[in-house]
Amino acid sequence: MIQIPTISTPRLTLRPLEARDFASFADFFASDRSKFVGGPATAEQSWRMLAGELGHWQLRGYGRWAVEETATGKLAGVIGPWNPHGWPEPELGWDLMNGFEGKGYATEAALAAREYAYDTLGWTTAISLVAPENNGSRSVAKRMGATYEGLFDHERHGTLEIWRHPAPDDLTAGGMEAYA
């Protein structure tokens, strides 16, 4: 069984997803906010997606973390390196739970996840897939220095924009704060 690491940022804790996260996960996937990432979905479908997130760690050796607001202990999102079947290549993905958008959490956690992907996993490149109507997600990609590269047609999610992240050698030395 793989040991999922925990990462801390100034305001967030990236930790393994747990059963206690299901209520927030299901609430997000029941809402219209989830329309860009496979929702809306029933509680049963949400449970399967949660299990898929954890299973990704076992199958690939990496995956997305639960992003916890350190000060409150609340689940703020699910963010990290991701490459499920059908993806064009490894991705840095981010989903924010209801009520946590607009605080810079997606960028903060995704920068930590990218640093992990480059420094620990040895990735030399990464993309983020963004639904064309998802302006918030596109803004996160831009803040991270990603550039628009083209379109990808996914069998379930439809047409998605490909945003290419700067390669590790292109990033300024000094830790994730230097990338912000």
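Residues numbered from 1 in each chain as written. Predicted model: local features only at pLDDT ≥ 70, side-chain atom pairs only at ≥ 80, totals over all residues. Heavy atoms only, no water.

A closer look at the overall build of the protein chain
Right, so step 1: A count of helical and extended segments in the protein chain gives four helices and eight strands.
Right, so step 2: Overall, the protein chain shows an N-to-C arrangement of helices and strands of β-β-α-α-β-β-β-α-β-α-β-β.
Right, so step 3: What you see for the protein chain is a C-alpha radius of gyration of 15 Å, in line with the 16 Å of a compact globule of 180 residues.
Right, so step 4: In terms of principal-axis extent, the alpha carbons of the protein chain reach across some 45 × 35 × 35 Å.
Right, so step 5: Burial status across the protein chain gives 49% buried among its 180 residues.
Right, so step 6: Of all intrachain contacts in the protein chain linking residues separated by at least 6 positions in sequence, the fraction that spans at least 24 positions is 60%. (Helix = DSSP H or I, 4+ residues; strand = E, 2+ residues; numbered from the N terminus. Rg over C-alpha atoms; globule rule 2.2 N^0.38 Å. Buried < 20%, exposed > 50% of the residue type's maximum accessible area, 1.4 Å probe, protein only. Contact = heavy atoms within 4.5 Å.)

As for the environment of G61
Right, so step 1: Mapped onto the secondary structure, G61 falls in the loop between α2 (43-60) and β3 (65-69).
Right, so step 2: For G61, a relative accessible area of 29% puts it in the partly exposed group.
Right, so step 3: G61 sits 53 residues away from S8 along the chain, and the two C-alpha atoms are 20 Å apart.
Right, so step 4: Excluding its chain neighbours within four sequence positions, the residues that come into contact with G61 are I2 and H56.

Some points on helix α3 (residues 105-119)
Right, so step 1: Along its 15 residues, α3 runs 21 Å from first to last C-alpha, staying within 8% of the 21 Å computed at 1.5 Å per residue.
Right, so step 2: The buried fraction of α3 is high, at 13 of 15 residues. (Expected span 1.5 Å × (residues − 1).)

Thoughts on the environment of A141
Right, so step 1: Inspection of the secondary structure puts A141 in helix α4 (residues 135-143).
Right, so step 2: For A141, a relative accessible area of 0% gives the class buried.
Right, so step 3: Spatially, the C-alpha atoms of A141 and A113 are 13 Å apart, while their sequence positions differ by 28 residues.
Right, so step 4: Ignoring any residue separated from it by four or fewer positions in sequence, one finds A141 in contact with W94, A146 and W163.

Here we look at the pattern of salt bridges
Right, so step 1: What the rule picks out here adds up to 13 salt bridges.
Right, so step 2: For E68, the salt bridge is made with R20, and the minimal N-O distance between the two is 3.4 Å. With E68 in strand β3 and R20 in the loop between β2 (12-15) and α1 (22-30), this pair connects stretches of sequence that are 48 residues apart.
Right, so step 3: The partner of D95 in a salt bridge is R64, and the shortest N-O contact between them spans 2.8 Å. (Salt bridge = Lys/Arg side-chain N within 4 Å of Asp/Glu carboxyl O.)

Observations concerning the pairing of strand β4 (residues 74-82)
Right, so step 1: Burial analysis of β4 places eight of its nine residues in the buried class, which makes it a mostly covered element.
Right, so step 2: With five bridges connecting them, β3 and β4 associate as antiparallel partners. Bridging from a neighbouring strand, W65 pairs with I79 of β4.
Right, so step 3: Between β3 and β4, which follow one another and run antiparallel, lie four residues, and G73 among them has a positive phi close to 75°.
Right, so step 4: Strand direction decides the pairing type here: β4 and strand β5 (residues 91-96), joined by six bridges, are antiparallel. In the sheet register, I79 faces β5, and the bridge partner there is W94. (Pairing = 2+ DSSP bridges.)

Notes on the pairing of β2
Note on strand geometry: in a regular strand, side chains alternate between the two faces of the sheet.
Right, so step 1: Here β2 shows no split at all, with L12 and L14 on one side and T13 and R15 on the other all buried.
Right, so step 2: Hairpin connection of strand β1 (residues 7-8) to β2: three residues between the antiparallel strands.

Purely geometric numbers; function is a separate question.
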